[in-house]
Each structure stands twice: as C-alpha cells, then as structure tokens.
Amino acid sequence: MSKLTKTVVDKAEPRDRQYTVWCGELKGFGVFVLPSGTRTYFVDYRNANNVRRRMKLGRHGQITAEQARTLAIQALADVSKGNDPLEDRNSARKAISVKELCELYIAELDAGRILGKGGRPKKASTKITDLGRINRHIIPLLGKKRVTHVTKADVTAMMKDIMAGKTRGIEKTEKLRGKSIVRGGIGVASRTVGLLGGIFTYARDELGIIDVNPAHGVRKPKDAVRSRRLNEDEYRTLGLILTKAAEDERYTRTVEMIRQIAMSGCRRSEIIKLRKDELDTAGSCFRFEDTKEGQSVRPMGLPVLEYFDEQGMSSDSPYVFPGTRNSDKPFGSFPRHWAKIFADTELADLTAHVLRHSFASMANDLGFTEITIAALLGHASGSVTSRYVHTLDAALVMAADTVSGYIAALLSGAKLSHTHYALDRSSRKAALVRFLTPRPEAPPQPEEPERLAA
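Along each chain, numbering runs from 1 in the same order as the chain's sequence is written. It should be noted that, the model being predicted, local features are given only for residues of pLDDT at least 70 and side-chain atom pairs only at 80 or more, the latter also being counted only at that level, while totals for whole chains, interfaces and linings use all residues. Excluded from the side-chain calculation are hydrogens and water; included are all heavy atoms of the structure.

The protein appears in an unreviewed UniProt entry as Tyrosine-type recombinase/integrase from Rhizorhabdus wittichii. UniProt positions are given in the numbering used here, feature names are shortened, and annotations may be inferred rather than shown by experiment. Here the protein is described in UniProt, under the heading Sequence similarities (unreviewed entry), as follows: "Belongs to the 'phage' integrase family."

Draft legend 1. Geometry of the overall build of the protein. Looking only at helices and strands, the protein features 17 helices and nine strands. Type-normalised accessible area, obtained with a 1.4 Å probe on protein chains alone, sets the label of each residue: buried when under 20%, exposed when over 50%, and partly exposed for intermediate values. The burial tally for the protein puts 42% of its 454 residues in the buried class. Residues are treated as being in contact if the distance between any of their heavy atoms lies within 4.5 Å. In the protein, the share of contacts with a sequence separation of at least 24, taken over all contacts with a separation of at least 6, comes to 57%. The protein chains shown are the only cover counted for residues, whose accessible areas, like all others here, come from Shrake-Rupley with a 1.4 Å probe. About 27000 Å² of surface is accessible on the protein, with carbon and sulfur atoms providing 51% of the total. Working definition: helices are DSSP H or I runs of at least four residues, strands are E runs of at least two. Numbering for both runs from the N terminus.

Draft legend 2. Layout of the sheet that holds strand 3 (residues 39-46). Pairing is antiparallel in the open sheet, where four strands are placed in the order 1-2-3-4. Of all strands in the sheet, those with a lone pairing partner are strand 1 (19-22) and strand 4 (52-59), marking the two edges. Each adjacent strand pair in this sheet contributes to an overall mean axis angle of 35°, direction not counted. DSSP bridges decide pairing: two strands pair if at least two such bridges lie between them. The sheet contact formed by strand 2 (residues 29-33) and strand 3 spans five bridges and is antiparallel. Considered in strand 3, the bridge of valine 31 is made with tyrosine 41. Axis lines are fitted through C-alpha atoms, for helices just across the contact stretch, and the angle between N-to-C directions can take any value from 0 to 180 degrees.

Draft legend 3. Summary view of the packing of helix 6 (residues 152-163) against helix 7 (residues 186-207). Relative to each other, helix 6 and helix 7 sit at 150°, their axes nearing to 8 Å. Comparing their axes, helix 7 and helix 6 come out roughly antiparallel. Both helix 6 and helix 7 take part in a crossing whose hand is right-handed. Residue-level contacts link Val155, Met158, Met159, Ile162 and Met163 of helix 6 to Ile186, Val188, Ala189, Thr192, Val193, Leu196 and Phe200 of helix 7. Basically, the charged four are Asp, Glu, Lys and Arg, the nonpolar ten are Ala, Val, Leu, Ile, Met, Phe, Trp, Tyr, Cys and Pro, and anything else, Gly included, counts as polar. The residue inventory of the contact of helix 6 with helix 7, partitioned by class, reads 11 nonpolar, one polar and no charged. Angles are sorted into four bins: roughly parallel if under 35 degrees, roughly antiparallel if over 145, roughly perpendicular if 65 to 115, and oblique for all others. For a crossing to be left-handed, the near helix must be turned anticlockwise from the far one by less than a right angle; the clockwise case is right-handed.

Draft legend 4. Seen up close, the packing of helix 9 (residues 252-264) against helix 12 (residues 334-342). Relative to each other, helix 9 and helix 12 sit at 90°, their axes nearing to 10 Å. One way to sum up the angle between helix 9 and helix 12 is to call them roughly perpendicular. Across from Thr254, Val255, Met257, Ile258 and Ile261 in helix 9, the residues of helix 12 making contact are Phe334, His337, Trp338, Ile341 and Phe342. Split by residue class, the contact of helix 9 with helix 12 holds eight nonpolar, two polar and no charged.

Draft legend 5. Expanded view of the nonpolar core. Grouped together as the largest cluster of nonpolar side chains are 54 residues, with contacts concentrated most on Leu238, Phe286, Phe308, Phe342, Leu350, Leu355 and Ile407. When residues in this core are grouped by element, the largest group, eight residues, is from helix 16 (residues 393-411). Setting aside residues no more than four positions away along its own chain, phenylalanine 286 makes contact with Ser264, Cys266, Leu274, Glu278, Leu279, Ser296, Val297, Arg298, Pro299, Met300, Val304 and Phe308. Definition of nonpolar core: a set of buried residues of the types Ala, Val, Leu, Ile, Met, Phe, Trp, Tyr and Cys, connected through side-chain atoms within 4.5 Å.

Draft legend 6. Structural detail: the sheet that holds strand 7 (residues 279-280). With antiparallel pairing, three strands are arranged side by side in an open sheet as 7-8-9. Two strands close off the open sheet at either side, each with one partner strand: strand 7 and strand 9 (294-299). In this sheet, strand 8 (residues 285-291) lies alongside strand 7 in antiparallel orientation, the contact comprising two bridges. When the bridges of strand 8 are listed, leucine 279 appears paired with phenylalanine 286.

Draft legend 7. View of the pattern of salt bridges. For this analysis, a salt bridge means a side-chain nitrogen from Lys or Arg found within 4 Å of a carboxyl oxygen belonging to Asp or Glu. Considering all chains together, one arrives at 22 salt bridges under this definition. When the shortest N-O distance is used, the salt bridge between arginine 53 and glutamate 87 registers 3.9 Å. In this pair, arginine 53 sits in strand 4 while glutamate 87 sits in helix 3 (residues 85-94), placing the two residues 34 residues apart along the sequence. Aspartate 365 serves as the salt-bridge partner of arginine 229, at 2.9 Å between the closest nitrogen and oxygen. Of this pair, arginine 229 sits in the loop between helix 7 and helix 8 (232-245) while aspartate 365 sits in helix 13 (residues 352-365), placing them 136 residues apart in sequence. For arginine 229, a relative accessible area of 27% gives the class partly exposed. The network of salt bridges with common partners includes Lys3, Glu66 and Arg69.

Draft legend 8. Looking closely at helix 7. Across its 22 residues, helix 7 extends 31 Å between first and last C-alpha, which sits within 8% of the 32 Å expected from 1.5 Å per residue. Positioned one or two residues after helix 7, glycine 208 has a phi angle of 70°, which is positive. What a helix is expected to span follows from its residue count: subtract one and scale by 1.5 Å.

Draft legend 9. Region of interest: the side chain of threonine 372. Position of threonine 372 among the secondary structure elements: in helix 14 (residues 370-377). Whenever a nitrogen or oxygen atom comes within 3.5 Å of another N or O atom, the pair is scored as a polar contact, on the condition that within protein one atom can donate a hydrogen and the other can accept it, and that pairs from neighbouring residues in sequence are kept only if both atoms are in side chains. One polar contact links threonine 372 to threonine 369, side chain to side chain, over a distance of 3.1 Å.

Draft legend 10. Highlighting the packing of aromatic side chains. Note on ring pairs: Phe, Tyr and Trp rings are taken, using the six-membered ring of Trp, and paired if centres are within 6.5 Å. Classes follow the plane angle, with under 30 degrees stacked, over 60 edge-to-face and the rest tilted. All told, the structure shown has nine aromatic pairs when counted by the stated rule. A centroid spacing of 5.9 Å and a plane angle of 70° characterise the contact between tyrosine 105 and tyrosine 202, whose relative ring orientation is edge-to-face. On the criterion of sequence distance, the pair formed by tyrosine 105 in helix 4 (residues 98-110) and tyrosine 202 in helix 7 is long-range, its members being 97 residues apart. Assigned by exposure class, tyrosine 105 and tyrosine 202 land together as buried.

Given below as structure tokens:
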C-alpha cells in the first residue's frame with residue numbers, strides 16, 4: 001500500500017459496495033469510498049479498554065488528504081496518552097445547545113447538503129423560510145436548552161407558544177425601510193415543528209448526539225385548508241375587473257399575466273419568472289426548468305397557447321414578461337399592481353393561489369380525474385408528470401384545452417352549462433368525425449413540358 005494522497009483518493013472509483021483505501025505509511029489512517037462517490041477520511045484505533053473505534057475526520061473535498069493525515073496523527077497521539085478522541089468529541093457534541101445545533105444545520109444548509117423534496121438540495125426560497133423559522137421561533141424558545149435534554153414535551157410547548165403568538169413581533173430587514181412581520185399561528189407552528197424534526201434528524205443521523213428524535217410523534221394541529229374557489233359568476237366578475245384595469249396602460253401587462261394564471265393553473269412565480277425557452281408552443285406545453293417540485297412539464301391549453309403565439313417574443317429579454325426598467329429581470333411590479341387592481345372590488349380577497357385552486361376545481365367539475373388534474377398542475381402527487389405528458393400528451397392537452405377554454409369563456413362573460421366531457425356525446429362525436437374525415441386530395445400538378453433537345 002502506498003501513502004494516502006489526493007491523487008490516490010481521486011483515483012479511487014466508486015463500486016457497488018463501500019470499500020476502504022488504507023494508507024501504507026500511517027497505520028489506522030484511511031478513506032472509505034461509498035457507491036455514491038463520497039470519500040470520507042477516518043482513523044482506526046483501540047482505546048484504553050482495547051475497544052476498536054473508528055473516528056471520521058472529514059469528507060474529501062472539504063478537507064485535503066494532508067489535513068486529514070494531520071488530524072489522524074493528533075488523534076493517535078491522544079490515544080497514546082490513554083485518551084479516547086472519539087468519545088471526547090461525542091461528549092463535546094452532546095453538550096451543545098439547540099442554538100449551536102441550529103448553527104451547524106444552517107452551515108450544512110448553506111453548503112447544499114440538506115436535501116429537500118425529491119432528494120434535491122433545498123431551494124434558496126426554502127432556505128430563507130427555514131432561517132426565518134429557526135431565528136424567529138426555534139432559537140428564541142428552545143435555543144438555550146441542551147440538545148440531549150430536549151423532550152417531546154418541550155417541543156409541544158414550543159409549538160403551543162408559536163400558536164399563541166409568543167414569538168410575534170416586527171423586525172427590520174436589509175431592505176431600505178423594510179420590515180418583517182412575525183405573526184406565528186397554527187400553520188407556522190406546525191411547519192416549525194416539522195423543520196425542528198428535520199434538524200433533530202440531522203443531529204441523530206449525521207452527528208450521532210441523540211438516539212431519539214424528540215419532535216417525532218408530536219401531535220401537530222391541522223393546518224387550515226384553503227377551500228376558497230371562484231364560482232362561475234365570480235369568474236365573470238373577474239373578467240370585468242380585468243377589462244376595466246386594462247384600460248390603464250400601467251396595468252396591461254399585469255392583467256395579461258393574471259389571465260394566463262387563471263387559464264393555466266400555474267403558480268404566480270411560474271408566470272412572473274416564465275422564460276421564453278420554457279415555452280414549447282409546438283408541443284403545446286410548458287417546460288419549466290425549476291419549480292417548487294423541480295423540473296416540470298405541463299400541457300398548455302389552446303387559449304394560453306394562442307396568447308403566447310400572438311406575442312411574438314421579439315424583445316432581447318430571456319423572460320416572457322420582462323421588467324420595465326431592466327429587461328434582464330422578470331417583471332417586478334406584479335404584486336403591487338395586483339393589490340391596486342383588486343382593491344375595493346368584489347374580489348378583494350382574491351389571491352393567485354385561489355386562481356390555481358379554482359382551475360383545479362373547474363377541472364374536477366368538468367369530469368377530469370385526480371391524476372389528470374395533478375399532471376395539469378404539476379403537483380408532487382403527480383411526480384410522474386414528465387413521463388405522463390410524453391405518453392398521454394394528447395389526453396392531457398385535450399384536458400388543458402377544455403379547462404382553459406371554459407375559464408376563458410367565463411372571463412369573457414359567457415354563461416355556460418358545464419358537463420363532464422367524457423359524458424358529452426355530441427362533443428365526442430363531433431371531435432371524432434372531424435378527426436376521421438379524410439383530407440381532400442391536392443389537385444394534380446401539371447407536368448413540366450419536356451425540354452426540346454438542343
């Protein structure tokens with residue numbers, strides 16, 4: 001065996017099972033290679049009780065081979081003095097407070113090593129939300145307690161304090177005259193307990209300082225289910241409000257964006273940040289690169305498709321709805337314009353999420369199944385959306401056409417009588433006849449006269 005160096009570790013290829021590469025110069029020093037490709041340095045030794053111990057020193061890439069060698073030498077030197085460096089490390093870790101644990105977790109979060117949905121690193125927006133819950137709720141209520149002393153009762157008490165608004169307050173933000181209003185409440189309490197459970201899982205599985213997660217099994221309150229949806233009269237009212245708002249040129253773009261949200265069921269952020277390369281008008285679908293659920297392919301209804309076709313996309317901006325001052329950024333006035341458009345109207349309580357929920361509800365009214373609606377919306381429950389679109393794209397595009405078309409008609413003031421598409425035989429028969437009608441043959445082209453021989 002040769003000396004364990006960076007070159008040796010880099011050349012250690014992953015195998016089907018974990019294996020170890022030992023150093024030929026320093027006994028007990030090695031690196032184990034996981035099937036994932038992760039390489040972790042460690043040192044093996046026997047303590048004063050002749051018990052074999054293996055202490056991790058760090059991951060390859062985070063520390064160098066020489067730094068790991070130095071740590072291994074220091075650990076073996078402690079062993080020669082009768083100490084147990086791994087036990088000392090664990091004792092020190094077990095003494096840390098919840099605040100210190102949160103700081104370690106945040107460092108891992110910033111490094112992209114805390115995974116979220118789909119086994120992907122948490123998104124920037126999720127990180128901001130997590131930091132807010134850690135700094136505004138978890139640390140103020142539990143930060144001083146030792147991690148090993150936290151009980152299920154402590155977590156339950158924290159949850160109830162957040163529900164009662166004990167952490168309520170107003171904080172300044174980095175923006176000029178910016179402020180953040182911390183309200184607490186049932187939803188925040190439930191989600192904070194979920195985050196705390198993830199932090200304690202990290203303490204158990206990664207740090208090894210606890211054996212039981214005290215947040216597991218805590219009975220969380222049910223979050224309020226948002227059931228608000230637009231009925232057909234409200235859709236017609238929405239159409240009138242948008243038509244009136246569009247008379248002011250300042251709100252024209254925002255009105256167009258609201259219409260696309262209503263007719264597509266997309267999230268507000270997905271339309272605001274929609275890029276031109278995410279529009280596949282030939283395939284009649286959106287191909288979002290990065291959404292709440294990661295990459296997402298969704299069918300585009302005909303009214304939405306025709307709108308984007310009519311835009312032409314002639315500007316140099318990568319965005320479909322570019323900023324007015326900086327076209328290299330998405331349109332940033334949408335939230336402010338939304339508030340002004342709906343202020344003092346019958347739909348003052350309307351949100352973009354209500355439009356999305358209403359789209360799903362309308363799809364259900366029109367007879368489409370849960371899996372179809374999930375694919376239309378790009379829900380996590382339809383995590384096979386990409387495969388679903390490619391195998392049943394015609395059915396999904398038909399569903400998108402039906403729902404988008406129905407909503408577009410309502411926005412225009414139409415009074416319709418919706419029916420389950422699958423049960424409307426006249427519509428099915430007309431579509432089938434049109435599909436099966438042979439195309440008229442093109443008239444024969446006159447033959448070119450033969451050229452006269454020279």
